[in-house]
Amino acid sequence: QVQLVESGGGLVQPGGSLRLSCVASGFTFSRYAMTWFRQAPGKGRELVATIGGIGGSIGYANSVKGRFTISRDDDKNTVYLQMTSLRPEDTAIYYCNVRVNENEYWGRGTQVTVAS
């Protein structure tokens with residue numbers, strides 16, 4: 001049973017930093033690409049960052065390039081999203097995602113609010 005559990009969200013001032021974590025279980029973590037999505041109020045889901053499995057690569061949305069860093073620790077079955085220089089438009093629920101074969105799995109999300 002695939003499980004994805006996000007944590008680390010909260011309220012932060014513009015220009016601040018936050019690190020999100022997603023702990024995964026139920027599959028061979030190191031073999032699969034992991035992706036962070038976000039959804040702001042009234043908006044659809046937006047791909048934020050992705051990191052490949054073994055031998056894979058990293059990619060970012062243009063809106064976060066240079067500010068966010070995705071990383072993973074395969075020994076801990078955890079993917080991270082380090083967010084810096086946060087802006088109010090980064091406010092959203094952030095979701096962890098993995099695609100295993102033809103199935104897609106999501107965590108419950110963690111709320112990030114950037115406001116003065």
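Residues numbered from 1 in each chain as written. Predicted model: local features only at pLDDT ≥ 70, side-chain atom pairs only at ≥ 80, totals over all residues. Heavy atoms only, no water.

Visitor: I'd like to hear about the sheet that holds strand S8 (residues 78-83), residue by residue, with values.
Guide: Taken in spatial order, the four strands make up an open sheet running S1-S3-S8-S7, and their pairing is antiparallel. The outermost strands of the open sheet, each flanked by one partner alone, are strand S1 (3-7) and strand S7 (68-73). For this sheet, the mean inter-axis angle between neighbouring strands, taken without regard to orientation, is 15 degrees. Note: S7 against S8, six bridges, orientation antiparallel. Its bridge partner lying in S8, Ile 70 is registered against Leu 81. (Pairing = 2+ DSSP bridges. Helix = DSSP H or I, 4+ residues; strand = E, 2+ residues; numbered from the N terminus. Axes fitted to C-alpha atoms, helices over the stretch in contact; angles between N-to-C directions.)

Visitor: Give me the lowdown on the state of the cysteines, citing residues and values where you can.
Guide: What we call a disulfide is simply a covalent bond connecting the sulfur atoms of a pair of cysteines. Per the counting criterion, the structure on display carries one disulfide. Note that Cys 22 is cross-linked by a disulfide to Cys 96, the S-S spacing being 2.1 Å. The S-S bond linking Cys 22 to Cys 96 shows a torsion near -85 degrees; that makes this disulfide left-handed. Placement of the pair is Cys 22 in strand S3 (residues 18-25) and Cys 96 in strand S9 (residues 92-100), with a sequence separation of 74 residues. With relative accessibility at 0%, the residue Cys 22 sits in the buried group. Owing to a relative accessible area of 0%, Cys 96 belongs among the buried residues under this scheme. (Disulfide = S-S within 2.5 Å. Buried < 20%, exposed > 50% of the residue type's maximum accessible area, 1.4 Å probe, protein only.)

Visitor: Got a sec to walk through the environment of Gly 8? Specific residues and values, please.
Guide: Among the structural elements, Gly 8 can be located in the loop between S1 and strand S2 (10-12). Between the alpha carbons of Gly 8 and Tyr 80 there is a distance of 9.6 Å; along the sequence they are 72 residues apart. Setting aside its immediate chain neighbours within four residues, Gly 8 contacts Leu 18, Arg 19, Leu 20 and Thr 110. (Contact = heavy atoms within 4.5 Å.)

Visitor: Any details on the packing of aromatic side chains? Residues and values, ideally.
Guide: Applying the stated rule across the entire model yields four aromatic pairs. Aromatic side chains Phe 27 and Tyr 32 sit 5.8 Å apart centroid to centroid with 80 degrees between the ring planes, which places their arrangement in the edge-to-face category. According to the relative accessible area criterion, Phe 27 is buried, its value standing at 15%. Geometrically, the ring pair formed by Tyr 95 and Trp 106 is edge-to-face, given 6.3 Å between the ring centres and 90 degrees between the ring planes. (Phe/Tyr/Trp six-rings, centres within 6.5 Å; stacked < 30°, edge-to-face > 60°.)

So, to be careful, I would describe these as geometric facts and stop short of saying anything about function.
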